[in-house]
Every structure is written in structure tokens, then in C-alpha cells.
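Listed here are the chains, written in short residue letters.
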Amino acid sequence: MDKDLDMVQDLDIIKGLNIRIMNREEVQFAIEMAASEGWNTGIYDGDLFYEADNNGFFIAEFEGKPVGCASAVAYDDKFGFFGLYVVKPEFQNKGIGMKLTEKCMEYLGDRNIGLDGVAENEEKYQLVMKFRSSYSNLRFEGRGGGQIPDGLVKLSEVPFEKLLEYDRRMFPAPRSGFLKLWIDQPDSYACAVLEDGELKGYGVIRKCWKGYKVGPLFADDKDIAKKIFKALRASAPKENIYLDVPQPNRAAMEIAKKYNMTVMFKTIRMYSQKEPDIELDKVYGVTSFELG
């Protein structure tokens, strides 16, 4: 009898559910929801994420109150990313998450869609959403400190078109508007390596709810990546720092271990179609698990 009553209540919630596009101020709700789940988002991520696609953030409301959220950022007409998928604990397992997912998938259409899912949800994404697993990302935690090495330039000194061209090799779509804000956000540090005028790598570290997080960290080889990482690490002395590493990149794994970073958890990078043709061996740090 109690089970039947629960089913009726769940149906009532679904019938009374309203899912709509968020405005800029409401994106902060999604960031705070993600933070409450332990995702440790950046403190300025709301405004920065919204710039990536201001039609791609959805909020679920019941009786006028927000109960869940998800994002579906369309970077271009071929690639999108699904993230910030959170439902308040008291409203979980009532079908709200599936309704949010359906809205996001409808918005992204026939694009190739990426996501970083927690390991325990991998099978659900495979069976229900028909996503394919590609590889694991590991989140490492360590401590800031050390000295900024020679041979680096401020990222602001790199021509933006050159940066955008380089970034595109490691990311499945152009992200001009997002990148302009991301590399110049408050409480952050960004640097690059130039050789004979050519960009060989760059990295950003930003303030998060806890400590600082590196991302992205893209580099042509391990030595360049290590130099950039040392600079980012030195910019946050005595702070916890975090680095999200694609597990197939063994050189990136070696850098994290060299600086005594420890694994906190892993996510599974999944795609709705085939894995994008990017230079994964040059991805030493993922930009974010929420937007790819």
C-alpha cells in the first residue's frame, strides 16, 4: 500500500514538474547544487559556464521551487556536452532526472554529446542513454607551492587567435566566447610556453569552493606540461590543488605522482557517438568535468 502511495505521489510530482531554461542568476543554483555534491566547482563558474551557451542550462521546478538542474552546452552544430546533472536528495528517484535528461538530449539534437559520469552511473548511461565509454579521468589532489620556472609567458601575451587554434586541437569544438572569459577570470593564474613564436602549451588554475583547480593544461610534451604545472602549482602556495587527468595519458599521470598528488575519484568520459578526433596525449589536465 505504501508503495502504491509513493507511485501516486511520484506521478503527481512529474505532472506538476516544470522544466525551463535558466537565466544567468539561476545558473548559480546549479553551481551550488554541484558543490553540495562534492564536485568542487570554481567560485566564478556560474557566469563563465553561462557564456558557453546561454540556452543550455535547465532548471526543474515543482510548485515554483527548484528541485533539480542539468546543462546541455551546444558548442557548435556538431558537438555538445552534458553536465551539472543534480536533483535535490528528497526529490531523487522520482523520475525528475530522466525528464531533465530528455530535455537536454532534445536540445542537443543529433550532435555528438560528451559527458563525465561517476563510475557507479556508467551502466545507466550505457543502457538508458546509449552512451559509449571511452576512458577514465582521475581527479588528483595535492598541495600548491614551489617556484615559478623561467621560460613562461603570461597567457594574456599570446594572440587569442593563436590560442584558439591551439585549444581546438585538444577540444572537440571551438569555444571562443567561453575561453576569453575563462583565461581571464578573477582569482586565477594562466601561463603559456612559446617557442619561436609558436604556442607549445598553456594552463589555467582557478579558485574553487575548496582550494584551486588546474584546467585546462594542454602541452606538446611532458617537459612543457611539467613546466606549466610547476608554475600553476607555485601560484597557489599552501593551498590544496586539484588536477583532472585522462588516464590514457601516462605522462600526465607521472607528473601528478611526481608531485605527490593522490587520486580522489574517477569519472568515465562517454560519448553518444564516436570518440572525437582530438590529441588526447597532449591533454594533461581537463578543463572541467561539467563542460568538458
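Because the structure is a prediction, the values reported are computed rather than measured.

**Some thoughts on the packing of aromatic side chains**
Part 1: With the rule as written, the count across this model stands at 13 aromatic pairs.
Part 2: Here Phe79 and Tyr271 contribute two aromatic rings whose centre-to-centre distance is 6.5 Å and whose plane-to-plane angle is 50°, an arrangement assigned as tilted. A residue pair is termed long-range when its members are at least 10 positions apart, and Phe79 in strand β4 (residues 79-87) and Tyr271 in strand β12 (residues 262-271) qualify at 192 residues. For the pair Phe79 and Tyr271, one class covers both residues: buried.
Part 3: Connected via pairs of aromatic rings, a cluster forms that spans Tyr75, Phe79, Phe171 and Tyr271.
Part 4: In this structure, Arg175 is placed above the aromatic ring of Phe171, and the distance from its NZ or CZ to the ring centre is 3.9 Å.

**Focus on the side chain of Thr267**
Part 1: As for its placement among the helices and strands, Thr267 is situated in strand β12.
Part 2: Beyond its immediate chain neighbours, meaning those up to four positions away, Thr267 contacts Asp116, Gly117, Tyr135, Ser136, Asn137 and Phe289.

**Focus on the domain arrangement of the protein chain**
One frequently used descriptor of interface size is the decrease in accessible area upon assembly of the parts.
Part 1: Taken domain by domain, the protein chain comprises domain 1 (1-115) and domain 2 (138-285).
Part 2: Distance between the C-alpha centres of domain 1 and domain 2: 27 Å.
Part 3: Listed as interface residues are 25 residues of domain 1 and, on the opposing side, 28 residues of domain 2.
Part 4: Summed over the shared surface of domain 1 and domain 2, the result is 1 salt bridge.
Part 5: The salt bridge involving Arg206 is made with Asp45; its shortest N-O contact spans 3.0 Å.
Part 6: Of all the secondary-structure elements, those providing two or more residues to the side of domain 1 that touches domain 2 are α2 (24-36), α3 (45-52), β4 and β5 (112-118).
Part 7: Sort the elements by how many residues they give to the side of domain 1 that touches domain 2 and α3 lands first, with 5 residues.
Part 8: The residue inventory of the side of domain 1 that touches domain 2, partitioned by class, reads 13 nonpolar, 6 polar and 6 charged.

**A short note on α2**
Each turn of an α-helix holds 3.6 residues, which means side chains three or four residues apart point in the same direction.
Part 1: All of the buried residues along α2 are Glu26, Val27, Phe29, Ala30, Ile31, Met33, Ala34 and Ala35.
Part 2: The inward-facing, buried residues of α2 contact β1 (17-21), α3, β2 (57-62), β3 (65-74) and β4.
Part 3: Two or three places before Glu25, at the opening of α2, Asn23 has a side-chain oxygen 3.1 Å from that residue's backbone nitrogen.
Part 4: Immediately downstream of α2, the backbone of Gly38 shows phi near 85°, a positive value.

**What to know about the packing of α2 against α3**
Part 1: Running from amino to carboxyl end, α2 crosses α3 at an angle of 115°, the nearest separation of the two axes being 8 Å. Handedness of the crossing formed by α2 with α3: right-handed. Along its contact with α2, which presents Arg24, Val27, Gln28 and Ile31, the element α3 presents Asp45, Gly46, Asp47, Phe49, Tyr50 and Glu51.
Part 2: Looking at the contact of α2 with α3 residue by residue, the classes come out as 4 nonpolar, 2 polar and 4 charged.

Calculation criteria
- Residues numbered from 1 in each chain as written.
- Predicted model: local features only at pLDDT ≥ 70, side-chain atom pairs only at ≥ 80, totals over all residues.
- Heavy atoms only, no water.
- Phe/Tyr/Trp six-rings, centres within 6.5 Å; stacked < 30°, edge-to-face > 60°.
- Helix = DSSP H or I, 4+ residues; strand = E, 2+ residues; numbered from the N terminus.
- Buried < 20%, exposed > 50% of the residue type's maximum accessible area, 1.4 Å probe, protein only.
- Lys NZ or Arg CZ within 6 Å of the ring centre and 35° of its normal.
- Contact = heavy atoms within 4.5 Å.
- Domains from an automatic or database assignment.
- Salt bridge = Lys/Arg side-chain N within 4 Å of Asp/Glu carboxyl O.
- Nonpolar A, V, L, I, M, F, W, Y, C, P; charged D, E, K, R; others polar.
- Polar contact = N/O pair within 3.5 Å; in protein donor to acceptor, adjacent residues only side chain to side chain.
- Axes fitted to C-alpha atoms, helices over the stretch in contact; angles between N-to-C directions.
- Left-handed = near helix turned anticlockwise from the far one by under 90°.

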